[in-house]
Amino acid sequence: MYVDAMNVIEAKNIHKRYGSLEVLKGVSLAVKEGEAVAVIGPSGSGKSTLLRCLCNLETIDMGSIYIENEPIAYETGDGSVRYAPDRQLRKLCRKTGMVFQSFNLFPHLTVLKNITEAPIAVAKVGRKEAEEYALQLLEKVGLTDKKDTYPSRLSGGQKQRVAIARALAMKPKIVLFDEPTSALDPELTGEVLNVIRDLARENMTMIIVTHEMGFAREVADRVIFMDEGEIVEEGKPSAIFTAPRMKRTESFLGKVICL
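Residues numbered from 1 in each chain as written. Predicted model: local features only at pLDDT ≥ 70, side-chain atom pairs only at ≥ 80, totals over all residues. Heavy atoms only, no water.

Draft legend 1. How the structure looks around the sheet that holds strand β5 (residues 70-75). Spatial ordering of the open sheet is given by β2-β1-β4-β5-β6, a layout of five strands whose pairing is antiparallel. The open sheet has two edge strands, β2 (21-32) and β6 (81-83), and neither has a second partner. Each neighbouring strand pair of the sheet contributes to a mean axis angle of 15°, computed without reference to strand direction. Strands in contact with helix α2 (residues 86-93) are β4 (62-67), β5 and β6; relative to β5, the strand with the most contacts, it is inclined by about 120°. (Pairing = 2+ DSSP bridges. Helix = DSSP H or I, 4+ residues; strand = E, 2+ residues; numbered from the N terminus. Axes fitted to C-alpha atoms, helices over the stretch in contact; angles between N-to-C directions. Contact = heavy atoms within 4.5 Å.)

If you want it as C-alpha cells, here you go:
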C-alpha cells in the first residue's frame with residue numbers, strides 16, 4: 001500500500017464485523033497534519049466504530065491503518081490482518097488521543113491526577129513536568145480552579161473539558177472525538193465546542209464524529225458522510241451542506257437541517 005508521508009493517519013479498505021454483522025464495509029480515509037475532519041451520519045452508520053479501530057480499541061478484519069507512515073495493522077499476502085508488535089503498537093497508539101461520549105474520567109482521582117496519570121505511568125514523564133503541563137492544559141480549557149476537584153463535583157461540560165485536557169496531555173499527533181457533546185445538556189454543549197474550535201485554530205489534527213451540523217460546517221476543513229458502514233460522500237463543508245452530490249447525503253441532511 002502506498003502511504004502519503006504527509007498524512008498523520010491513513011486507513012485503507014477497513015472492514016469490521018461483529019459476528020455476522022458487518023459494521024464497516026471497506027472504509028478508506030486519510031487525514032493530513034493540521035486538518036480537522038468532521039464525520040457525520042445517522043446512528044449505526046459505523047462512525048464510532050471507525051474511530052475505535054483507528055486508535056486500536058477495536059481490531060479490524062481487513063484493511064490497513066498507518067500513523068505517520070508506520071503500520072498499526074496491515075494486510076498480509078493471504079488477506080489476513082497483521083498488527084504491529086506490542087511495543088511498536090503501544091508507541092504508535094500514544095500518537096492518538098481519544099475523547100469519548102461519556103468522559104471516562106477516573107472517579108477516584110482529582111482533575112489534576114486524571115490528566116497526569118498517563119504521562120507519568122505510560123510516558124514516564126516526571127511528576128513535576130506532568131503537573132506543569134496539566135495546569136497549562138487546564139488553563140486552555142478554562143478549568144484551572146478545578147484542579148483539586150473530583151469528577152463527581154463537575155458538570156457534564158466540565159467533565160468533557162477535563163477529558164479533552166487528558167487526551168492532550170500525551171501530546172498526541174491526532175485527537176479523535178467520538179460525539180463529544182452527545183451526553184451533554186444543550187446549555188453545556190457550547191463550552192465544549194469552544195475548546196474544540198480553539199484546537200482547530202491551533203491546527204490540531206482532529207477527526208470529530210459529531211451530530212452538531214452547524215459546528216461541523218464552521219470548524220471542519222472536510223466533512224465525511226457515512227451511512228451503513230460506508231463513506232458515501234466527502235468534501236468541503238460548503239459543498240456537502242449546500243450542494244450534496246449523493247441522494248443519501250441529501251436525504252440525511254434534509255432530516256437534520258434545512259438545506
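Draft legend 2. The arrangement of the nonpolar core in detail. Residues Ile115, Ile164, Phe177, Ile196 and Met206 are the most contacted members of the largest nonpolar core, which totals 35 residues. Looking at this core, the elements with two or more residues in it are α3 (111-121), α4 (127-140), α5 (156-168), β8 (174-178), α6 (186-201), β9 (205-209) and α7 (213-219). Element by element, the count of residues in this core is highest for α6, at seven residues. Excluding residues within four positions of it along the chain, Ile164 makes contact with Val99, Phe177, Val192, Val195, Ile196 and Leu199. (Core = buried A, V, L, I, M, F, W, Y, C linked by side-chain atoms within 4.5 Å. Buried < 20%, exposed > 50% of the residue type's maximum accessible area, 1.4 Å probe, protein only.)

Draft legend 3. Structural detail: the sheet that holds strand β11 (residues 230-235). Here we have six strands laid out as an open sheet, ordered β7-β8-β9-β3-β10-β11, and mixed in their pairing. Among the strands making up the open sheet, the edge pair consists of β7 (96-99) and β11. Between one strand and the next, the sheet's axes are offset by a mean angle of 20°, whatever the strand orientation. Where strand β10 (residues 222-227) lies against β11, five bridges are found, and the strand directions are antiparallel. When the sheet's bridge partners are listed, Ile224 is paired in β11 with Glu234. Those strands touched by helix α1 (residues 47-54) are β3 (36-40), β7, β8, β9 and β10, and its axis lies near 150° from that of β8.

Draft legend 4. Seen up close, the pairing of β3. Of all five residues in β3, five are buried, a share of seventy percent or more. The alternating pattern of β3 places Ala36, Ala38 and Ile40 on one face and Val37 and Val39 on the opposite face, and all of these are buried. Both β3 and β9 contribute to a ladder of four bridges, which runs parallel. Within the sheet, the bridge partner assigned to Val39 lies in β9 and is Val209.

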